[in-house]
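The primary structure of each chain is shown beneath.
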Amino acid sequence: MAVNTNSRMHAGNGLEGISIGPSEICFVDGENGQLIYRGHDAEVLVREHTFDEVAFLLWTGHLPSVDETNELREIVFDNMRKVAAEPATVATLDPNALTMDAVRSAMSVWSMGRKLAEGGTPADAQAALGAIAGSVALLGARRAGVTPGDIQPGDTIARAYLRIMTGAEPTDAQVGALDAYLVLTAEHGMNASTFTGRVIVSTASDIGSGLVGSIGALKGKLHGGAPSHVSSMIDEIGTADNAEPWLRAKIEGGERLMGFGHRVYKTYDPRARALGEVAERLGSDDERLGLARHVEQTALRLLHEYKPDQRLYTNVEYYAAAVLETIELDPGLYTPTFAVSRTAGWTAHMLEQINYPRLIRPQVEYVGPMPEK
Ligand code: ACO
């Protein structure tokens, strides 16, 4: 059988090290462990600004005035309320379904109802954030069997989200922890789900279709699906004494430790550092956090021992789990909540893609058989 010898240069199977072009949105400095959103250090933003303001920054390139923040909240809240009033969307939020499947379906139905135009507009992005936040909050209320709470004047997105979801008034500590999580996970360069969304809108499709694709990509445990696995890992380990044998058995069995390793960060993930501090500051369960810290130190030591050539450090998902546990969020809603925050980054990238219209269409190196001459 003849073979194709027309081989060309190609990236690794994971496209590592390949740039898809210029972007003004985010710089992930994997060597120095720094995350920059539009010229602002994310570790500073998280101390000084709400997620609402950071979403605006990602979309527009500047931090909003008070009036601009209020206008944005009005649009987002209006769309959060509309979701609850839309029977077709609510029907997809089946409390017994896999949560990411329910959210993906809800956004598909939402975008069908909205008849989105080709490409996308900033108004679509703001509406999409409201729609996904409203959908996940409502899904949470349905899973908990509670009557969803109402949005109140003066709410931030984080506070409204928790009140709808739990039907109760969240504490300031819970709102602060969720807001920090949303800021630190809002954007992260050309990750798999953002790339998926950009590919979709590059075909002159629409933001709704891009979001459905991005949500599907985020679902997997190599990407956004890790934090609930981190919580189960800590549950299974149970005691400090059990950490080392448990972790050794997993590594020797060829399994990956959830919450460790990253394609770009070859040092400690700055988001993990910031979320670790949030968990420390706001954590109500010191014993649990103490165990998480011990498991982390043991895992880092063992990863270094077993894989000395790999630079494996803690990633964002490890302390995301600790923070989301502090808020007492249903673990089934960890990844959907990640989808809410990342909708800000996804849609910022989709809008940027629309401004530099170029179909994303790479090639594959065919190594299969060729017809006989
Ligand atoms: N535990 C154990 N070993 C690991 C881990 C880990 N968490 N991560 C990477 N490795 C090892 C691999 O086994 C491989 O070792 P080998 O060469 O001896 O086989 C080596 O490190 C390189 O692995 P790659 O797969 O090439 O690294 P990649 O860049 O594809 O990995 C990824 C990135 C997918 C995040 C990986 O580190 C992983 O699976 N981590 C666990 C899941 C996780 O925490 N996901 C959340 C990521 S953050 C986010 O997406 C928001």
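Residues numbered from 1 in each chain as written. Predicted model: local features only at pLDDT ≥ 70, side-chain atom pairs only at ≥ 80, totals over all residues. Heavy atoms only, no water.

Draft legend 1. Molecular detail of the overall build of the protein. Across its full length, the protein carries 16 helices and five strands. The C-alpha atoms of the protein give a radius of gyration of 21 Å, which matches the 21 Å a tight globule of 373 residues would have. Split into buried and exposed, the 373 residues of the protein put 51% on the buried side. For the protein, long-range pairs separated by at least 24 residues make up 74% of all intrachain contacts whose partners lie at least 6 apart in sequence. (Helix = DSSP H or I, 4+ residues; strand = E, 2+ residues; numbered from the N terminus. Rg over C-alpha atoms; globule rule 2.2 N^0.38 Å. Buried < 20%, exposed > 50% of the residue type's maximum accessible area, 1.4 Å probe, protein only. Contact = heavy atoms within 4.5 Å.)

Draft legend 2. Structural detail: the site of the ligand. Around the ligand sit 20 residues in total, of which Arg-256, Leu-257, Gly-259, Phe-260 and Arg-263 are the nearest. One nitrogen or oxygen atom from the main chain of Leu-222 is found 3.4 Å from a nitrogen atom belonging to the ligand. In the environment of the ligand, an oxygen atom lies 3.1 Å from a nitrogen or oxygen atom belonging to the side chain of Lys-307. Relative to its free-state accessible area of 930 Å², the ligand is covered by the protein chains to the extent of 76%. (Near = heavy atom within 4 Å. Polar contact = N/O pair within 3.5 Å; in protein donor to acceptor, adjacent residues only side chain to side chain. Areas by Shrake-Rupley, 256 points an atom, 1.4 Å probe, with all protein chains shown as cover.)

Draft legend 3. The arrangement of the packing of aromatic side chains in detail. All chains considered together, the criterion is met by two aromatic pairs. Their ring planes at 80 degrees and their centres at 5.1 Å tell us that Tyr-318 and Tyr-319 sit as a pair that is edge-to-face. The same class applies to Tyr-318 and to Tyr-319, which are both buried. Chaining the aromatic ring pairs together yields one cluster made of Phe-260, Tyr-318 and Tyr-319. (Phe/Tyr/Trp six-rings, centres within 6.5 Å; stacked < 30°, edge-to-face > 60°.)

Draft legend 4. Just the sheet that holds strand E2 (residues 26–29), in detail. Taken together, the three strands give an open sheet; going across it, the order is E2-E3-E4, and neighbouring strands pair in antiparallel fashion. The open sheet has two edge strands with one neighbour each: E2 and strand E4 (40–41). Bridge count for strand E3 (residues 34–37) against E4 is two bridges, and the pairing is antiparallel. When the sheet's bridge partners are listed, Tyr-37 is paired in E4 with His-40. (Pairing = 2+ DSSP bridges.)

Draft legend 5. Helix H9 (residues 192–202), seen in detail. Three or more residues of H9 are buried, namely Ser-193, Thr-194, Gly-197, Arg-198, Val-201 and Ser-202. Buried residues belonging to H9 abut helix H10 (207–218) and helix H16 (334–355).

Draft legend 6. Molecular detail of the nonpolar core. Membership of the largest hydrophobic core comes to 108 residues, with the highest contact counts inside it found for Tyr-37, Phe-51, Tyr-181, Met-233, Leu-247, Val-295 and Tyr-318. Tallying contributions element by element places helix H6 (residues 122–144) first for this core, with eleven residues. Residue assignment places this core across two domains, with domain 1 (26–222 + 333–353) and domain 2 (226–326) each supplying three or more. In this structure Tyr-318 touches Val-230, Met-233, Ile-234, Met-258, Gly-259, Phe-260, Ala-292, Val-295 and Glu-296, once residues within four positions along its chain are discounted. (Core = buried A, V, L, I, M, F, W, Y, C linked by side-chain atoms within 4.5 Å. Domains from an automatic or database assignment.)

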